[in-house]
Each structure stands twice: as C-alpha cells, then as structure tokens.
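Inside the fold
Residue strings, one per chain:
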Amino acid sequence: MIAGPVLPRQTSGMTALSGSEPNSQRPNGAPVRLGKIRAHRERPGVTVALGGGFSRGFAHLGVLDVLEQEQIPVSGIVGTSIGALLGAAFADGICPRELCELGRRVRVRDFIRFQHPDRRAQQKDLISQFVGEWFRADGVEDLSIRTAIVTTDLDTGAPHVFSRGPLDVAIRASCAFPGLFKPVEHEGRLLADGCIVAPVPTAIAARIHGGCVLGVAVNSNSAGTLSPENVVRVRSSHAQVEPSWSRHAEVLLEPEVHHIGWNDFSRVDEAFAAGAAAMRRALPHVLELLARRTQLGAAPEITGRVEGGLGL
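The structure presented is a predicted model; accordingly, all values stated were derived computationally and were not measured. (Residues numbered from 1 in each chain as written. Predicted model: local features only at pLDDT ≥ 70, side-chain atom pairs only at ≥ 80, totals over all residues. Heavy atoms only, no water.)

Quick word on the confidence of the model for the protein
- The share of residues in the protein with pLDDT of 70 or more is 68%, and the mean pLDDT across the chain is 77.
- Predicted confidence is poor over residues 36-41, with pLDDT under 50, and the contacts of this stretch with residues over four places away or in other chains come to 17 contacts.
- Per-residue pLDDT stays below 50 along residues 299-312; that stretch engages in 41 contacts with residues further than four places along the chain or on separate chains. (pLDDT = per-residue confidence, 0-100. Contact = heavy atoms within 4.5 Å.)

A closer look at the pairing of strand S7 (residues 212-216)
- Taken across its 5 residues, S7 has 5 buried, putting it largely inside the fold.
- In the sheet, strand S1 (residues 46-50) pairs with S7 via 5 bridges, with the strands oriented parallel. Looking at the pairing, Val 48 lines up with Leu 214 of S7.
- Sheet analysis places S7 next to strand S9 (residues 251-253), joined by 3 bridges and oriented parallel. In the sheet register, Gly 215 faces S9, and the bridge partner there is Leu 252. (Buried < 20%, exposed > 50% of the residue type's maximum accessible area, 1.4 Å probe, protein only. Helix = DSSP H or I, 4+ residues; strand = E, 2+ residues; numbered from the N terminus. Pairing = 2+ DSSP bridges.)

Some words on the side chain of Ser 128
- Along the chain, Ser 128 falls in helix H5 (residues 126-134).
- For Ser 128, the residues in contact, after removing those within four places along its chain, are Asp 168 and Arg 172.

Quick look at unusual backbone geometry
- The phi angle at Phe 54 is positive, at roughly 50°, despite the residue not being glycine.
- Relative to the assigned elements, Phe 54 resides in the loop between S1 and helix H1 (59-69).
- Judged by its relative accessible area of 7%, Phe 54 is buried.

Some words on the pairing of strand S2 (residues 74-80)
- Counting buried positions along S2 yields 7 of 7 residues, so the element is predominantly enclosed.
- Both S1 and S2 contribute to a ladder of 5 bridges, which runs parallel. By the bridge assignment for S2, Ala 49 is matched with Val 78.
- Read from S1 through H1 to S2, the crossover connection turns out right-handed. (Right-handed = clockwise from strand over helix to strand, strands pointing away.)

A short note on the packing of aromatic side chains
- All chains considered together, the criterion is met by 5 aromatic pairs.
- Ring geometry for Phe 54 versus Phe 177: centroids 5.5 Å apart, planes at 85°, classification edge-to-face. In this pair, Phe 54 sits in the loop between S1 and H1 while Phe 177 sits in the loop between helix H6 (167-174) and strand S5 (184-186), placing the two residues 123 residues apart along the sequence.
- By relative accessible area, Phe 177 is classed as partly exposed at 34%.
- Each ring, one from Phe 54 and one from Trp 262, has its centre 4.9 Å from the other, and the planes form 80°; the classification is edge-to-face. One end of the pair, Phe 54, is in the loop between S1 and H1; the other, Trp 262, is in the loop between S9 and helix H8 (268-296), with 208 residues separating them in the sequence. (Phe/Tyr/Trp six-rings, centres within 6.5 Å; stacked < 30°, edge-to-face > 60°.)

Side note on H1
- Taken across its 11 residues, H1 has 10 buried, putting it largely inside the fold.
- Among the residues making up H1, those that are buried are Ala 59, His 60, Leu 61, Gly 62, Val 63, Leu 64, Asp 65, Val 66, Leu 67 and Glu 68.
- Of the residues one or two after H1, Gln 71 is the one with positive phi, at around 60°.

Looking at the environment of Val 74
- Tracing the backbone shows Val 74 in strand S2.
- Sequence-wise, Val 74 and Cys 212 are 138 residues apart; in three dimensions their C-alpha atoms are separated by 9.8 Å.

Describing the pattern of salt bridges
- Within the structure shown, the criterion is met by 8 salt bridges.
- Here Glu 101 and Arg 105 are joined by a salt bridge, their closest N and O atoms 3.1 Å apart.
- On the accessibility criterion, Glu 101 (22% relative accessible area) is partly exposed.
- Residues Asp 269 and Arg 104 are paired through a salt bridge, measuring 2.9 Å at the closest nitrogen-oxygen approach. Here the residue Asp 269 occupies a position in helix H8, and Arg 104 occupies one in the loop between helix H3 (96-103) and helix H4 (119-123), the gap between them amounting to 165 residues. (Salt bridge = Lys/Arg side-chain N within 4 Å of Asp/Glu carboxyl O.)

A closer look at the packing of H5 against H6
- For the pair H5 and H6, the least separation of the axes is 9 Å and the interaxial angle reads 140°. Taken together, the axis directions place H5 and H6 in an arrangement best described as oblique. Where H5 crosses over H6, the two elements pack in a sense that is right-handed. Touching Ile 127, Ser 128 and Val 131 of H5 are Leu 167, Asp 168, Ile 171 and Arg 172, all from H6.
- Looking at side-chain class alone, the contact of H5 with H6 contains 4 nonpolar, 1 polar and 2 charged residues. (Axes fitted to C-alpha atoms, helices over the stretch in contact; angles between N-to-C directions. Parallel < 35°, antiparallel > 145°, perpendicular 65-115°, else oblique. Left-handed = near helix turned anticlockwise from the far one by under 90°. Nonpolar A, V, L, I, M, F, W, Y, C, P; charged D, E, K, R; others polar.)

Below, the structure is given as structure tokens:
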C-alpha cells in the first residue's frame, strides 16, 4: 500500500504510449500512460484478479506490464488491498515502473499514523493524498479499465464491492488492514480490508466480468514450498487441495515472492520482476485460452455494476 508523504513526480524515464484521450495529465501535471488495448467481441481479453500482500503485491505490476507489452487486452480488473490500489492506478494510466519508484520510498512506520485518534488526521490520510495527487478519476466508474474494488463489511462479514462510487474511499477501505488502519465508514457501513473475505478475488471477477479470469496470488506461497514449475497453474479437472478462490481462475499465477518480507518495500523491484516472470511463463496458456474463445465467439460481456454485498 502506498504510504508516506505524497512524492513529487519524477519526469525522467517516463514515456507515454501513442494515442490521445481527454484529460491526458494527472492532477500533479504528470502525463498519463495512454494505452488503447481494449477487449471486444472479436478479440476477448482477460479479467485480472489481484490479491493482497503488502510489498509482495508489486508483483501485480509486473503481470500487468507484461500484458500491456504483449498487447493482451485487459477487460477488467478486480482488486483487494494492495491489489486494489495498484490495479486502480494501472487502470487510471499510471506507469507501473513509476509506481515501483513510489513504492521503494514507502516506510511501514508511516502506517502507524492511521491509528491517530484525532478524526482530522484520518480525513487527510496518506492514501487519500496519494489518490488525490496521482489519479485523474474521482469515481471507480471513471477508470479507463472496468475496475471493481473489494472490501469487507465488518457488520455482515460479507464482501462489499465497489464498481462505482468515490475512488479514494473504496481504496482506503480495501487497504484497511486490521491493526494498521482504522475501518472506513461509508453510507452506514464499516468497511475493512478486502483480504478478510477475498484474499484473491477470483470469484468476484468471474461473477462481475466473466471471461478469462487470471488470478494473481502473492501471499499463498509464504512457506516457500512451490517449485518453479508450479508457479503457474492452469485450471484443470484434476483434484487438488487448493484454496476455494483458486477454482474461479482459468490461470492462477503465484509469483516467487515468498522470500520478500511483507513489509520490505525496498524490494519492490524484485517483486515486480517475479510477477513479470510468472506472467511470461503463463503467456502460452493465456494466448491459447484467448484463441479458443475467439474461435468459439467471446462470451457476452457482463455490464452490470455492483456496489454492495456479493456472496462467494
């Protein structure tokens, strides 16, 4: 999760992709990464489900960067916790490598500020500052890629999914890890970290967006027991003992980030590289699945928006 003082934009090394769209600058004056790779019926894309994992979550950016480089359309992003923050940032046009540069400056001690009892301190929390400084979109529905942000309703224990509504509120709530952040009050609900109910929100991705669901789990291999050949798993009929959310992904990526401490933001480049490597290994499977869908005809898109409880 991005914390710490809001950083001035570094202008060197940032190249926007060709193309144009309205409002091609962010609030801080930085240019927007302009991409035009969009899914449609003739060329189906992937729906990416990004899980939580603090600093390990920067592996998500490596996955997204490879998808963009390979011009594989992203038809939807569903994120929880750090996956919600980084996924929304990508959907808003912020360069993945620029996000990594910001991530390297994160210090976990900055999270402690969220425990301040003064309500005025909460109103200007660091995630809200980051969203206000770097994002063009005000609402989740304004992002250039259809995005859903998963939170936990603490009163019901059910997921509360934002696909519209205030972006800063949705991201703050999805990142509100118990013990580090206070829950977020929104329209009579008390919302907290989406990881509580959806560590990797593949079920929600399948239900809202459908299509080829690509799940990215960065916390499930914390014991370091996966061998490199098992880092990329394609869903099959073989019985396996797996978390329930893995059933909803056509392809599940588990980047090798178990050696990175959850709070070690100095190693975000390693996490990024691990995510990119896992996506590279998965490319043949993803391309095969998309080719099959193209031959059969892409499934109709699910266009309904959700903001409310969604059972798993």
